[in-house]
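Notes for the structure review
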Amino acid sequence: MAEIKDRENALIMETTKGQVVIEMYPELAPGHVARIKELAREGAYDGVVFHRVIDGFMAQTGDVKFGNSSKPTYAPSRAGMGGSDKPDLKAEFSNANHGRGACSMARAQNPNSANSQFFICFDDAAFLNRQYTVWGQVIEGMENVDKIKRGEPVQDPDKIVSLKVAADVK
């Protein structure tokens, strides 16, 4: 496994395609990192599908309301329209680049509407810089992100099997 510098600010995501390790940036996006960790520790992301996956761009997931394939509220046709029951987050835009492996928060048109959904960039997407909140970077397992099934919406989508804060994994 990749060397994790700060286990409290790293995630271990098991997907249907394999493991992905994400280093989080609390200095860039403290509110977003806190939310991701809070939801991860609640198990909210476990079973959530990658509902929007665009080749050469990004893989989006994190709809804990309609995108959780293990919950009765799972609605494939509505995946991507929901979030958590927690309040939306204030934007924490920065100069961080949306390059390959960047983890950034999805949102609606309102810049302060991010909640639980996030995406991982396949390639450089600098046009998103200073418009979306980068909160982390894939440090291992990007080859597994590359294997995630494409689609808008994705038919029979891949999913997050579990998402854990590295400090909580023995």
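For the protein chain, an unreviewed UniProt entry supplies the name Peptidyl-prolyl cis-trans isomerase and the organism Mesorhizobium plurifarium. In its Catalytic activity (unreviewed entry) section, the UniProt entry covering the protein chain states "[protein]-peptidylproline (omega=180) = [protein]-peptidylproline (omega=0)".

Thoughts on helix H1 (residues 30-42)
The first and last C-alpha atoms of H1 sit 18 Å apart over 13 residues, in line with the 18 Å expected at 1.5 Å per residue. Two residues or fewer after H1 comes Gly-43, characterised by a positive phi angle close to 80°.

Focus on the UniProt feature "domain: PPIase cyclophilin-type" (unreviewed entry) in the protein chain
Under the feature "domain: PPIase cyclophilin-type" (unreviewed entry), the UniProt entry names residues 7-170. Across residues 7-170, helical content stands at 11% and strand content at 25%; the span's end C-alpha atoms are separated by 11 Å.

Description of the side chain of Lys-37
Mapped onto the fold, Lys-37 is located in helix H1. Within the structure, Lys-37 has its side chain in polar contact with the side chain of Glu-8 (distance 3.2 Å). Sequence-distant contacts of Lys-37, defined by excluding residues within four places in its chain, comprise Glu-8, Asn-9, Met-24 and Val-165.

Description of the environment of Arg-107
Counting through the fold element by element, Arg-107 comes out in the loop between strand E5 (102-105) and strand E6 (118-121). Not counting residues up to four positions away in its chain, the partners in contact with Arg-107 are Phe-93, Ser-113, Ala-114, Gln-131 and Tyr-132. At 3.1 Å, the side chain of Arg-107 and the backbone oxygen of Gln-109 are in polar contact. Looking at Arg-107, its side chain comes within polar contact range of the main-chain oxygen of Gln-131, at 2.7 Å.

Each value, and the rule that gives it
Residues numbered from 1 in each chain as written. Predicted model: local features only at pLDDT ≥ 70, side-chain atom pairs only at ≥ 80, totals over all residues. Heavy atoms only, no water. UniProt positions renumbered as here; feature names shortened; annotations may be inferred. Helix = DSSP H or I, 4+ residues; strand = E, 2+ residues; numbered from the N terminus. Expected span 1.5 Å × (residues − 1). Polar contact = N/O pair within 3.5 Å; in protein donor to acceptor, adjacent residues only side chain to side chain. Contact = heavy atoms within 4.5 Å.

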